[in-house]
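Summary of structural features
Here is how the chains run, residue by residue.
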Amino acid sequence: MSATTIEPGEHAAPVIELVEVRKTYRTGSIEFEALRGVSLRIDQGEYVAVMGPSGSGKSTLMNILGCLDTRTAGSYRLAGEDVGEMDEVDLAEIRNQRIGFVFQQFNLLPSLPAWRNVELPLSYAGVPRGERRARAIAALERVGLGEKVGNRPGELSGGQQQRVAVARALVSEPALVLADEPTGNLDSTATADVLQLFDELHAQGRTVVLITHEQEVAERAARIIRVRDGLLAEVGVRS
Amino acid sequence: MTWFDTFRTGWEAIRSHRLRSALTMLGILIGIAAVVLTVGLGLGSQQQVGASISSLGSNLLIVSPGSSTDSGGVRGGFGSASTLTVADAQALTSDTAAPDIAAVAPVKSTSTALAAGDTTWTTSVVGTTADWLDVRTRTLAGGRFLTTADDADQAAVTVLGSETATELFGTTDAVGRTVSIGDLSFEVVGVLTAAGSDSTTNLDDQALVPMSTAANRIIGGSTRTAVSTIYLRATSEDTLSAAYQEAQALLLTRHGISDAESADFSIASQESLLATATSVSRTLTVLLTGIAALSLLVGGIGVMNIMLVSVTERTREIGLRKALGAPPAAIRRQFLVEATVLGLAGGLLGALLGIVAARVLPTLLDTTIVVSPAAVAGSIAVAVAIGIVFGVYPATRAARLAPIDALRSE
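Keep in mind that what you see is a predicted model, and the values were worked out from it rather than measured.

Quick look at the overall build of chain B
Along the backbone of chain B there are 13 helices and 10 strands. Rg of the C-alpha trace for chain B: 33 Å, well past the compact-globule value of 22 Å for 410 residues, more than 25% over. Looking at chain B as a whole, 47% of its 410 residues qualify as buried. Across chain B, contacts joining residues at least 24 apart in sequence account for 77% of those joining residues at least 6 apart. Carbon and sulfur atoms provide 60% of the accessible area of chain B, an area that totals close to 18200 Å². Measuring between centres, the 25 positive side-chain charges of chain B sit 22 Å from its 33 negative side-chain charges.

Considering the packing of helix α11 (residues 328-365) of chain B against helix α12 (residues 373-400) of chain B
All names here are of chain B. Look at α11 against α12: their axes get within 7 Å of each other, and the N-to-C directions meet at 155°. Accordingly, the angle class assigned to the pair α11 and α12 is roughly antiparallel. Here α11 and α12 pass one another in a crossing that is right-handed. Class assignment for the residues of the contact of α11 with α12 results in 18 nonpolar, six polar and one charged.

What to know about the UniProt feature "transmembrane region" (unreviewed entry) in chain B
On the UniProt side, "transmembrane region" (unreviewed entry) is annotated at positions that read residues 21-43, 286-311, 335-358 and 370-393 of chain B here. End-to-end, the C-alpha atoms of residues 335-358 of chain B are 34 Å apart, and along that stretch the chain is 100% helix and 0% strand.

Topic: the environment of Ala-249 of chain B
Residues and elements named next belong to chain B. Examined against the element boundaries, Ala-249 turns out to sit in helix α8 (residues 240-254). On the accessibility criterion, Ala-249 (42% relative accessible area) is partly exposed. Between the C-alpha atom of Ala-249 and that of Ala-260, which follows or precedes it by 11 residues, the distance is 8.5 Å.

Quick look at the interface of chain B and chain A
Between chain B and chain A, the residue contacts involve 23 residues of the former and 25 residues of the latter. When chain B packs against chain A, close to 2200 Å² is buried across both sides, 58% of that on carbon and sulfur atoms. Interface area lost by chain B to chain A is led by Met-1, Leu-320 and Leu-324 of chain B, which between them contribute 26%. Summed over the shared surface of chain B and chain A, the result is four salt bridges. A salt bridge links Glu-119 of chain A to Arg-8 of chain B; its shortest N-O distance comes to 3.5 Å.

Some details on the packing of aromatic side chains
By convention here, two paired aromatic rings are described through the distance between centres and the angle between planes. Going through the model one piece at a time under the given rule, you end up with three aromatic pairs over all chains. The interplanar angle of 10° and the centroid separation of 5.5 Å between the aromatic rings of Phe-101 of chain A and Phe-103 of chain A together place this pair among those described as stacked. This pair shows no difference in class: Phe-101 of chain A is buried, exactly as Phe-103 of chain A is. Look at Trp-3 of chain B and Phe-7 of chain B: their rings are 6.2 Å apart centre to centre, the planes differ by 45°, and that puts the pair in the tilted class. Taken together, the residues Trp-3 of chain B and Phe-7 of chain B, both in helix α1 (residues 3-16) and four residues apart, mark about one turn of the helix. The aromatic ring of Tyr-231 of chain B is capped on one face by Arg-136 of chain B, whose charged end is 4.5 Å from the ring centroid. Geometry around Trp-3 of chain B places Arg-333 of chain B over its ring, the cationic atom sitting 5.0 Å from the centre.

Section: helix α1 (residues 58-65) of chain A
In terms of burial, α1 of chain A is largely enclosed, as seven of its eight residues are buried. Residues of α1 of chain A that are buried: Lys-58, Thr-60, Leu-61, Met-62, Asn-63, Ile-64 and Leu-65 of chain A.

Concerning the domain arrangement of chain B
When its domains are assigned, chain B resolves into domain 1 (3-52 + 277-408) and domain 2 (84-263). One C-alpha centre belongs to domain 1 of chain B, the other to domain 2 of chain B, and the line joining them spans 56 Å.

As for unusual backbone geometry
All names here are of chain A. We note that Glu-20 has phi near 50°; this positive angle belongs to a residue other than glycine. Within the secondary structure, Glu-20 sits in strand β1 (residues 14-27). The phi dihedral of Glu-181 is positive, around 50°, even though this residue is not glycine. For Glu-181, a relative accessible area of 8% puts it in the buried group.

Section: the nonpolar core
Ranked by internal contacts, the top residues of the largest apolar core, which has 70 residues, are Ile-16, Leu-18, Leu-61, Tyr-76, Leu-78 and Val-209 of chain A. Take this core: its biggest share by element is nine residues, from α12 of chain B. Beyond its immediate sequence surroundings of up to four residues, Val-209 of chain A is in contact with Ile-16, Ile-42, Val-48, Val-50, Leu-65, Leu-176, Val-177, Leu-178 and Ala-179 of chain A. One finds Ala-49, Leu-108, Phe-198 and Val-217 of chain A within the second-largest nonpolar core, a separate group that totals 40 residues.

Side note on the pattern of salt bridges
For the structure on display, the rule yields 25 salt bridges over all chains. Residue Glu-12 of chain B is joined to Arg-116 of chain A by a salt bridge in which the shortest nitrogen-to-oxygen separation is 2.8 Å. With Glu-12 of chain B in helix α1 and Arg-116 of chain A in helix α3 (residues 114-125), this pair bridges two chains. For the salt bridge of Arg-314 of chain B with Glu-317 of chain B, the shortest nitrogen-to-oxygen distance reads 3.2 Å. Taken individually, Arg-314 of chain B and Glu-317 of chain B each receive the classification buried, so the pair is uniform in this respect. Each of Arg-116, Glu-119 and Arg-132 of chain A together with Asp-5, Arg-8 and Glu-12 of chain B takes part in a single network of salt bridges with overlapping partners.

Let's talk about the sheet that holds strand β4 (residues 73-78) of chain A
Residue and element names in this part refer to chain A. The sheet built from four strands is open, its strands ordered β2-β1-β4-β5 with antiparallel pairing. Where the open sheet ends on each side, the last strands, each with one partner, are β2 (30-43) and β5 (81-82). Where β4 meets β5, two bridges bridge the pair, whose relative direction is antiparallel. Note on β5: the bridge partner recorded for Leu-78 is Glu-81. In the packing of α1 onto the sheet, the strands contacted are β1, β2 and β4, and the crossing angle to β1 comes to about 120°.

What counts, and at which threshold
- Residues numbered from 1 in each chain as written.
- Chains lettered and ligands numbered in written order.
- Predicted model: local features only at pLDDT ≥ 70, side-chain atom pairs only at ≥ 80, totals over all residues.
- Heavy atoms only, no water.
- Helix = DSSP H or I, 4+ residues; strand = E, 2+ residues; numbered from the N terminus.
- Rg over C-alpha atoms; globule rule 2.2 N^0.38 Å.
- Buried < 20%, exposed > 50% of the residue type's maximum accessible area, 1.4 Å probe, protein only.
- Contact = heavy atoms within 4.5 Å.
- Areas by Shrake-Rupley, 256 points an atom, 1.4 Å probe, with all protein chains shown as cover.
- Lys, Arg positive; Asp, Glu negative; His and termini not counted.
- Charge placed at Lys NZ, Arg CZ, Asp CG, Glu CD.
- Axes fitted to C-alpha atoms, helices over the stretch in contact; angles between N-to-C directions.
- Parallel < 35°, antiparallel > 145°, perpendicular 65-115°, else oblique.
- Left-handed = near helix turned anticlockwise from the far one by under 90°.
- Nonpolar A, V, L, I, M, F, W, Y, C, P; charged D, E, K, R; others polar.
- UniProt positions renumbered as here; feature names shortened; annotations may be inferred.
- Buried area = accessible area lost by both parts, 1.4 Å probe.
- Salt bridge = Lys/Arg side-chain N within 4 Å of Asp/Glu carboxyl O.
- Phe/Tyr/Trp six-rings, centres within 6.5 Å; stacked < 30°, edge-to-face > 60°.
- Lys NZ or Arg CZ within 6 Å of the ring centre and 35° of its normal.
- Domains from an automatic or database assignment.
- Core = buried A, V, L, I, M, F, W, Y, C linked by side-chain atoms within 4.5 Å.
- Pairing = 2+ DSSP bridges.

This is the structure we're talking about:
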């Protein structure tokens, strides 16, 4: 089977460039090829949804895009930088500076108030404390939680927690916002709120990659990429 | 991440897991308190032994019958008590044969009942000579001591220890009163000042009588000239060893023994007793400290165990922090700070507990506990080192986790 290559218009600088990326998991003597040669280019300011059933390899793709996992073969350039030869320390810096994550499980630290959760990426970036607090509160205001900066995650609803997570993904002004099933644990009202936030981010010119298995969520994006059996199978571009 | 942030993060982690942190500290705390207390007990017993041996008297040599002395100067078992005699003691006072011996006090004792009116008291009745007071460096609280004339006369006079006097006569002055020993009435001519007790005997509970009186009128028997111990005082500390040589040579000659190895008496000095006793209590201290160190090690393994569990429990948190851009060094530092703070807090509290116990226990147990600043500082340093060493492994393991594996774990 030949690898699928996706070539969008050449109008903007690429944020993501994957070339023939493969990922093989090895458990004892059993090998499983989760990605079987994926090439993908996502440009600055795009809003992309990655869709696919469980086991299709979309989570693996997301982990590789987020530098949370390593490739078995192929090359990956993120915002112009080759992450292929980077060590743990450089990768940590890339995740810190270039990528904002939004997870299905929110992944907030329960013992910290909202603003302390949001400032975490800045504290690893070495931003001074006063500036960190100001930027964290500004990010929370941007997602409509200006009144809740001092609340701990346990005191917030699911939708509010996910908005805290979005604020945390934004606070370091990353090149790429990467969301893995961000609405998977939310009711329809909260889902609408969070998707509205992604629409706004896109409107502000941010690059958003959203992974989902829900068609209606995916349809908010300008471009839909389908993953099946470790390959990019289909492209839908909305005009 | 700045050190301030690292410390804050570590402190928050400790506070948000109060029970676990408290249990970790408890392990260290008990270990440290045990070290401070056992080292303190060891030092205390060394001091006690030293003090009680010093109370024997200065520049003192003790001649005991019927056993040999080994190369270290340690007395062997006591044999028959009849090889030393009053005549031996008399010979040792010679200025020509034993010029470095200042004073000689033979002693012969028995345990018997004393009676004053309706009051009876069983104590050690000690026959000795006028030099005893000088040799044992004791003083009188009142009256006079035994004299050479008393000995020559087999006089029925006695000098009482302060406790014996109190038991028989209460708070009234005992001097001039009469006590009965067996069928005889003795006049109390003097009372000794209190001196406490040495390792084996109460120095304040005894009745001293002239040697001849004890031998002939109280103890009797077929070996009337035999004595149980001869105390010698050297003229000075510098002549102690010369006095030892002279006493040994003289007694060997008198007993017709050519080989010092087969002597039928032994001579011990206060220093040799002190050295022996100190080495015994030092061995005890080493043993106790070893046990305490072991408990500290167990506490340390507890810390490592808890740190490992803590890392496992917080794998998701570590994965999240890595996803947000924490480099391995920041994760490592966070866990190191946690372990070090736990070790330091446990160490300080343990030292505090040890010091408080060292104040309280002696009043309950009649022991001496000397808190050694070196033991306190050392054990706190060890506690912190335990925190660091046993924190390094889990911290390194935590830092090495791949972010996605850490995030996926439950």
